[in-house]
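What follows is the residue order along each chain.
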Amino acid sequence: QVQLVESGGGLVQAGTSLRVSCAASGRTFSAYAMGWFRQAPGKGREFVAGLRGSGDITRYAESVRGRFTISRDNAKNTVYLQMNSLKPEDTAVYYCAAGPNRFDYTTNYHRISTYDYWGQGTQVTVSS
C-alpha cells in the first residue's frame, strides 16, 4: 500500500514557475514508477509526466515537453514536477500517481491503468 500526498499548488501568473511535490509513504518507493496527471474543469484526467523507479526513463506529454520536468528523490520518498513558463491552459488539479515498475512502462506510461495509487490532488491556477 502506498499513500501519496501532493503539495505546492497555488495561483500564479502566466510565464512564471511553480514546483509541486508528492510525498509517498512506504519503504519501497524506488520500486514504483511515478506519474503526474492533471484534470481541468469539465475535462478528463490526462497524463503530464512520468518516470520509472530508478528515474532512468522519463516521459512527457507533448503539451508540456520542454517546460515541465519530473524528478524524484528516492531517499526522501518524494517526486517533483517543476513547471516553467506556465500558461493559463495549464490550470488544473494535479494528481500524483504510483504504479509498479513494468517491463512495458515505455509503452504504457501515459495510461491511467498503469498506476495503482493516487493522491488527492493539488490545484494549480495560472492567471493570464
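Scroll up to find the structure this text is about.
Residues numbered from 1 in each chain as written. Predicted model: local features only at pLDDT ≥ 70, side-chain atom pairs only at ≥ 80, totals over all residues. Heavy atoms only, no water.

Things to note about the pairing of strand S3 (residues 18–24)
Of all seven residues that make up S3, five are buried, and the element is covered over most of its length. Where strand S1 (residues 4–7) and S3 come together, four bridges link them in antiparallel fashion. By the bridge assignment, serine 7 is partnered in S3 with serine 21. Relative to strand S8 (residues 78–83), S3 is paired through six bridges, and the arrangement is antiparallel. Counterpart to valine 20 in the pairing with S8 is leucine 81. (Buried < 20%, exposed > 50% of the residue type's maximum accessible area, 1.4 Å probe, protein only. Helix = DSSP H or I, 4+ residues; strand = E, 2+ residues; numbered from the N terminus. Pairing = 2+ DSSP bridges.)

Examining the pattern of salt bridges
Enumeration according to the criterion identifies six salt bridges in this entry. A salt bridge links arginine 65 to glutamate 62; the nearest nitrogen and oxygen atoms lie 2.3 Å apart. We classify glutamate 62 as exposed; its relative accessible area is 62%. The partner of aspartate 104 in a salt bridge is arginine 102, with the nearest N and O atoms 2.9 Å apart. Judged by relative accessible area, which is 34%, arginine 102 ranks as partly exposed. Each of Arg38, Glu46, Arg67 and Asp90 takes part in one network of salt bridges that share partners. (Salt bridge = Lys/Arg side-chain N within 4 Å of Asp/Glu carboxyl O.)

Observations concerning unusual backbone geometry
For residues that are not glycine, phi is negative in most cases, and the peptide bond is trans in most cases. Its identity is not glycine, yet asparagine 77 carries a phi of approximately 55 degrees, on the positive side. With respect to the helices and strands, asparagine 77 occurs in the loop between strand S7 (68–73) and S8. Positioned with a positive phi, serine 85 is a non-glycine residue whose angle comes to about 50 degrees. Secondary-structure assignment places serine 85 in the loop between S8 and strand S9 (92–100).

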